Amino acid sequence: MRRRNRRNDPGNRLAAKLIYLALAALIAMGTGKALGDSGNHDAARTISSGGQAGESGKTAGAQETEIHYIDVGQGDSTLIRSGGHTMLIDCGLNDQGTALQLYLTKQGVERLDYLVLTHPDADHIGGADVIITKFDIDTVLMSDFEKDNKTYREVIDALDAKSLSWSVPRPGEVYPLGEAQFTILAPNREYTDPNNASIALLFQNGENTFLFTGDAEEEAENDILASGLSVKADVYKAGHHGSDTASSERFLEAVSPKYAVISCGEDNSYGHPHAEVLNRLRAMKVQVFRTDEQGSVVAWSDGSEITWNCAPSETWQSGERTGSAGK
Ligand SMILES: [Zn+2]
């Protein structure tokens, strides 16, 4: 994991340099510790005994968990509450920040163990400045893909205003969330398209697994498969809002989900979800939930069984492309 801190005052730069030198010395001494292990949070529990995280022998315990695939219109935001711990993956568009804040507050959320921003597109980080400002956050995980626009700068400014640094997680790292845990699956290299630079992760609560791939497209899906990390999941949040640029057949076969959740806006101009993806899911007998039809979708997991707040969608209705071929 690489750590970032964008505060620019010289004292911080010096401190960062000293920390870097100290870490470099530790590594040179052969401690084998990951870079972030001396950070200010529960570091990734991993990589100690030489194996990849997925093979490290650490099995997630089970605890009462609820996963909210929040209806943020055309965008993504998922809240995971697990055994008193909380994480939020993405924050929807700019105009969703306050609604998202209210949703979290209504759920009794006061602080986040983790905020994961999968990649810097506005439909994922737009509302993040509000969330960063309003909640205490232990650990911020971000893609290393940077953008030079107002939305991205607002997120960085909000982090700076709270003196929060962020980390770029690496595939194979395992992070605890109480007894549950999540494993980073991507990004596996640098990409020219921010979608492919999405952080992907597999959340595991006992025997139940939930996959999140942001807007990763087929190219990044293939890299995840090539990494050898397990993608097998009970619940798959359809990549890229159900776009046919993601959820390739090969990837879906490896995930082999029982359920899929599609997060997209009603009548969105991209035509999400695309018919190709719905057809693949239907052929695989996957039960599909959709935020555009059903609003926020909530899954409960006790570590062995998963239940839902609504019945699966049975419309199999694809969207209609009305805007420029898009994101
Ligand atoms: Zn998106």
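Owing to the predicted nature of the structure, the values given are computational and were not obtained by experimental measurement.

How each quantity is defined
Residues numbered from 1 in each chain as written. Predicted model: local features only at pLDDT ≥ 70, side-chain atom pairs only at ≥ 80, totals over all residues. Helix = DSSP H or I, 4+ residues; strand = E, 2+ residues; numbered from the N terminus. Contact = placed C-beta atoms within 7 Å. Pairing = 2+ DSSP bridges. Axes fitted to C-alpha atoms, helices over the stretch in contact; angles between N-to-C directions. Buried ≥ 20, exposed ≤ 12 C-beta atoms within 10 Å, placed from the backbone. Core = buried A, V, L, I, M, F, W, Y, C linked by C-beta atoms within 7 Å. pLDDT = per-residue confidence, 0-100. Expected span 1.5 Å × (residues − 1). Arc of directions from axis to C-beta.

### Observations concerning the overall build of the protein
In step 1: In terms of regular secondary structure, the protein is built from 9 helices and 16 strands.
In step 2: The long-range fraction of contacts in the protein, counting pairs at least 24 apart against all pairs at least 6 apart in sequence, stands at 69%.

### A look at the sheet that holds strand E14 (residues 287–290)
In step 1: What the 7 strands build is an open sheet, ordered E8-E9-E10-E11-E12-E13-E14; its pairing is mixed. Among the strands making up the open sheet, the edge pair consists of strand E8 (174–177) and E14. The mean inter-strand angle of the sheet, taken between neighbouring strand axes irrespective of direction, is 20°.
In step 2: Note that strand E10 (residues 200–205) and strand E11 (residues 208–212) share 5 bridges and pair antiparallel. By the bridge assignment, Gln 204 is partnered in E11 with Thr 209.
In step 3: Lying over the sheet, helix H6 (residues 218–227) contacts strand E9 (180–186) and E10, oriented at roughly 115° with respect to E9.

### Here's the deal with the pairing of strand E15 (residues 297–301)
In step 1: Every second residue of E15 is oriented toward a common face, the buried set being Val 297, Ala 299 and Ser 301 and the non-buried set Val 298 and Trp 300.
In step 2: Here 5 bridges tie strand E2 (residues 65–69) to E15, and the two strands are oriented antiparallel to one another. Bridged to His 68 within E15 is Val 298.
In step 3: Two strands pair when backbone bridges link them, and E15 and strand E16 (residues 306–308) are joined in this way by 3 bridges, in the antiparallel orientation. Counted as the bridge partner of Trp 300 is Thr 307 from E16.
In step 4: In this structure, the hairpin formed by E15 and E16 is closed by a connection of 4 residues, where Gly 303 is found at a positive phi of approximately 105°.

### Comments concerning the nonpolar core
In step 1: Counting residues in each nonpolar core, the largest one holds 78 residues, and the members touching the most others are Leu 115, Leu 185, Leu 201, Ala 260 and Val 261.
In step 2: Setting aside residues no more than four positions away along its own chain, Leu 185 makes contact with Pro 171, Ala 200, Leu 201, Leu 202, Ile 224, Ser 227, Leu 229 and Val 231.

### Some words on the confidence of the model for the protein
In step 1: Residue-level pLDDT values for the protein average 87, and 81% of them are 70 or greater.
In step 2: Contacts from residues 6–43, a stretch scored under 50 in pLDDT, to residues over four places away or in other chains number 31 contacts.
In step 3: Long-range and interchain partners of residues 45–57, a stretch whose pLDDT sits below 50, account for 27 contacts in this model, where long-range means more than four residues apart.

### Describing the environment of Gly 127
In step 1: With respect to the helices and strands, Gly 127 occurs in the loop between helix H3 (122–125) and helix H4 (128–134).
In step 2: For the pair formed by Gly 127 and Leu 93, sequence separation is 34 residues and the distance between their alpha carbons is 5.5 Å.
In step 3: Not counting chain neighbours up to four residues away, the residues in contact with Gly 127 comprise Cys 91, Gly 92, Leu 93, Asn 94, Gln 96, Gly 97 and Leu 100.

### Brief notes about the pairing of E2
In step 1: Residues Thr 65, Ile 67 and Tyr 69 of E2 are buried on one face, while the alternating residues Glu 66 and His 68, pointing to the opposite face, are not.
In step 2: Note that E2 and strand E3 (residues 78–82) share 5 bridges and pair antiparallel. Within E3, the residue paired with Tyr 69 across the bridge is Thr 78.

### Concerning helix H5 (residues 150–161)
In an α-helix, one full turn covers 3.6 residues, which means residues spaced three or four apart are oriented alike.
In step 1: In this model, H5 (12 residues) spans 16 Å end to end at C-alpha, consistent with the 16 Å of a helix rising 1.5 Å per residue.
In step 2: Turning to H5, its buried residues are Val 155, Ile 156 and Leu 159. Seen from one end, H5 has its buried residues packed into an arc of 95°, which puts them on one side. Those residues of H5 that are exposed and angled more than 90 degrees off the buried face are Lys 150, Arg 153 and Ala 161.
In step 3: Packing partners of the buried residues in H5 comprise H3, H4, strand E6 (136–142) and strand E7 (166–168).

### A closer look at the environment of Tyr 270
In step 1: Mapped onto the elements, Tyr 270 comes out in the loop between strand E13 (259–262) and helix H8 (275–283).
In step 2: With 22 C-beta atoms counted inside 10 Å, the residue Tyr 270 sits in the buried group.
In step 3: Residues Tyr 270 and Arg 321, 51 residues apart in the sequence, show an inter-C-alpha distance of 4.9 Å.

### Details of the environment of Ala 260
In step 1: For Ala 260, the position within the fold is in strand E13.
In step 2: When sequence neighbours within four positions are dropped, the list of residues in contact with Ala 260 reads Tyr 236, Ala 238, Leu 281, Val 286 and Val 288.

### Overview of helix H2 (residues 97–106)
In step 1: Within the sequence span of H2, burial applies to Gly 97, Leu 100 and Leu 104. End-on, the buried residues of H2 take up no more than an arc of 65°, which puts them together on one face. For H2, the exposed residues set more than 90 degrees away from the buried face come down to Thr 98, Leu 102, Thr 105 and Lys 106.
In step 2: Elements in contact with the buried residues of H2: E3 and H4.
In step 3: Just beyond H2, the residue with positive phi is Gly 108, at close to 85°.

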